[in-house]
Amino acid sequence: MNVQMEEGWKEVLKDEFAKDYFNEIASTIRQMKAAGHIIYPPGPLIFNAFRLTPWNEVRVVILGQDPYHGAGEAMGLCFSVPKGIKVPPSLKNIFKEIQEDLAIAPPSHGDLTEWAQQGILLLNASLTVEKDKPNSHKSLGWHRFTDRVIQVLSDHRTGLVFLLWGNYAKSKKILIDSNRHLILESPHPSPLAGGGFFGHHHFSKTNQYLKNQGFEPIRWQLH
């Protein structure tokens, strides 16, 4: 697998790339593609989060479950879709909460690249998915890799904000040292979660914590 990510990430994760499970992920995806299966996101975007958000610039981590499984949606950043693609319901609710929290009007698109470029690692637990089959790659081995990503961030960085939305993301809390980092939890932003996501003010809390750590706050407004 051609791992297209920033050099700092390549260095801290180099041991993972040499392990059998990682090579098995790459082999399985190649075999599936050869058999005619459609895999999202496109190959060059599988590690997009690690390309747009360098290792030493990570300030915030948002955890998602797996990529969008519709044509043209997945772009290697959790919750994000390219400009021109309809904004998904969960992301609409994220924008609504930002508006309530910080009085920032929702944007006309769902491309979160600007967040990634400011140090927000938009990490899905699985980095690939089969077309029209949500969570189809949850047993492929990606979770071992992304759990390691969370662990190295927890162990080797300080003062990060981890946003854990929904029970799946909350299950990763055991990988994070709460003495070194801020962990903010809430129900998932999906409408299926019954609106429990609203009112937690995670976006203003994130910025206040970052300022207390001497970091620039996140500009949540998208252009």
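The structure under discussion appears in the preceding block.
Residues numbered from 1 in each chain as written. Predicted model: local features only at pLDDT ≥ 70, side-chain atom pairs only at ≥ 80, totals over all residues. Heavy atoms only, no water.

Chemist: Could you give an account of the overall build of the protein, with specific residues and numbers?
Modeler: Broken down by element type, the protein carries nine helices and six strands. Taken against the 2.2 N^0.38 rule, which gives 17 Å for 223 residues, the C-alpha radius of gyration of the protein at 17 Å falls within 12% of a compact globule. The principal-axis extents of the C-alpha atoms in the protein amount to approximately 50 × 35 × 30 Å. For the protein, long-range pairs separated by at least 24 residues make up 67% of all intrachain contacts whose partners lie at least 6 apart in sequence. Surface summary for the protein: the accessible area is close to 10300 Å², and the carbon and sulfur share equals 49%. (Helix = DSSP H or I, 4+ residues; strand = E, 2+ residues; numbered from the N terminus. Rg over C-alpha atoms; globule rule 2.2 N^0.38 Å. Contact = heavy atoms within 4.5 Å. Areas by Shrake-Rupley, 256 points an atom, 1.4 Å probe, with all protein chains shown as cover.)

Chemist: Could you give an account of the environment of Leu-192, with specific residues and numbers?
Modeler: Within the secondary structure, Leu-192 sits in the loop between β6 (182-186) and α9 (202-212). Note: C-alpha distance between Leu-192 and Pro-82 (110 residues apart in sequence) is 23 Å.

Chemist: Provide a residue-level description of the packing of aromatic side chains, including the pertinent values.
Modeler: Geometrically, a pair of aromatic rings is defined through the distance of the ring centres and the angle of the planes. On inspection of all chains with the given rule, the structure shows 20 aromatic pairs. Ring centres of Phe-95 and Trp-115 lie 6.4 Å apart, and the angle between their planes is 85°; this geometry places the pair in the edge-to-face category. A residue pair is termed long-range when its members are at least 10 positions apart, and Phe-95 in helix α5 (residues 89-102) and Trp-115 in helix α6 (residues 113-116) qualify at 20 residues. The exposure classification of Phe-95 matches that of Trp-115, with both residues buried. Aromatic rings pair up to connect Trp-9, Phe-17, Tyr-21, Phe-22, Phe-47, Phe-50, Trp-55, Trp-142 and Phe-145 into one cluster. Here Arg-157 stacks its cationic end above the ring of Trp-55, 5.9 Å away from the centre of that ring. (Phe/Tyr/Trp six-rings, centres within 6.5 Å; stacked < 30°, edge-to-face > 60°. Buried < 20%, exposed > 50% of the residue type's maximum accessible area, 1.4 Å probe, protein only. Lys NZ or Arg CZ within 6 Å of the ring centre and 35° of its normal.)

Chemist: Report on the sheet that holds β6, specifying residues and quantitative values.
Modeler: Read from one edge to the other, the open sheet built from four strands follows the order β3-β2-β5-β6, with strand pairing classed as parallel. Only two strands of the sheet have a single partner each, and these edge strands are β3 (120-124) and β6. Across the sheet, the axes of successive neighbouring strands diverge by a mean angle of 20°, strand direction being ignored. Of the pairings in the sheet, the one linking strand β2 (residues 60-64) to strand β5 (residues 161-165) comprises three bridges and is parallel in character. Directly across from Ile-62, in β5, lies its bridge partner Leu-163. Running at roughly 150° to β3, helix α7 (residues 142-156) makes contact with β2, β3 and β5 of the sheet. (Pairing = 2+ DSSP bridges. Axes fitted to C-alpha atoms, helices over the stretch in contact; angles between N-to-C directions.)

Chemist: Tell me about the pairing of β3, residues and numbers included.
Modeler: Counting buried residues along β3, five of its five residues qualify, which places the element largely inside the surrounding structure. The two faces of β3 match: Ile-120, Leu-122 and Asn-124 on one face and Leu-121 and Leu-123 on the other face are all buried.

Chemist: Describe in detail the side chain of Asn-207, supporting the description with residues and values.
Modeler: Summarising the element assignment, Asn-207 is placed in helix α9. Residue Asn-207 is classed as buried on the basis of its relative accessible area of 10%. Aside from chain neighbours lying at most four places away, what touches Asn-207 is Pro-217, Ile-218 and Trp-220.

Chemist: For unusual backbone geometry, give the residues involved together with the corresponding values.
Modeler: Along the chain, Tyr-40 connects to Pro-41 via a cis peptide bond; the corresponding omega equals -5°. In this structure, Asp-132 is a non-glycine residue whose phi angle is positive, near 65°. Tracing the backbone through its elements, the reader meets Asp-132 in the loop between β4 (129-130) and α7.

Chemist: Hey, could you go over the nonpolar core for me, with residue numbers and the actual values?
Modeler: One finds Phe-50, Trp-115 and Phe-145 to be the most contacted residues of the largest nonpolar core, which totals 65 residues. The leading source of residues in this core is α7, at six residues. (Core = buried A, V, L, I, M, F, W, Y, C linked by side-chain atoms within 4.5 Å.)

Chemist: Give a description of the pattern of salt bridges that names residues and reports values.
Modeler: Counted by the stated rule, this structure contains eight salt bridges. A salt bridge links Lys-131 to Asp-132; its shortest N-O distance comes to 3.0 Å. For Lys-131, a relative accessible area of 30% puts it in the partly exposed group. We note a salt bridge from Asp-147 to Lys-172, for which the minimum N-O separation is 2.7 Å. Note that Asp-147 is positioned in helix α7 and Lys-172 in the loop between α8 (167-170) and β6, a separation of 25 residues in sequence. In this structure Lys-172 comes out as buried when scored by relative accessible area, which is 9%. Within the structure, one salt-bridge network assembled from shared partners comprises Glu-16, Lys-19 and Arg-148. (Salt bridge = Lys/Arg side-chain N within 4 Å of Asp/Glu carboxyl O.)

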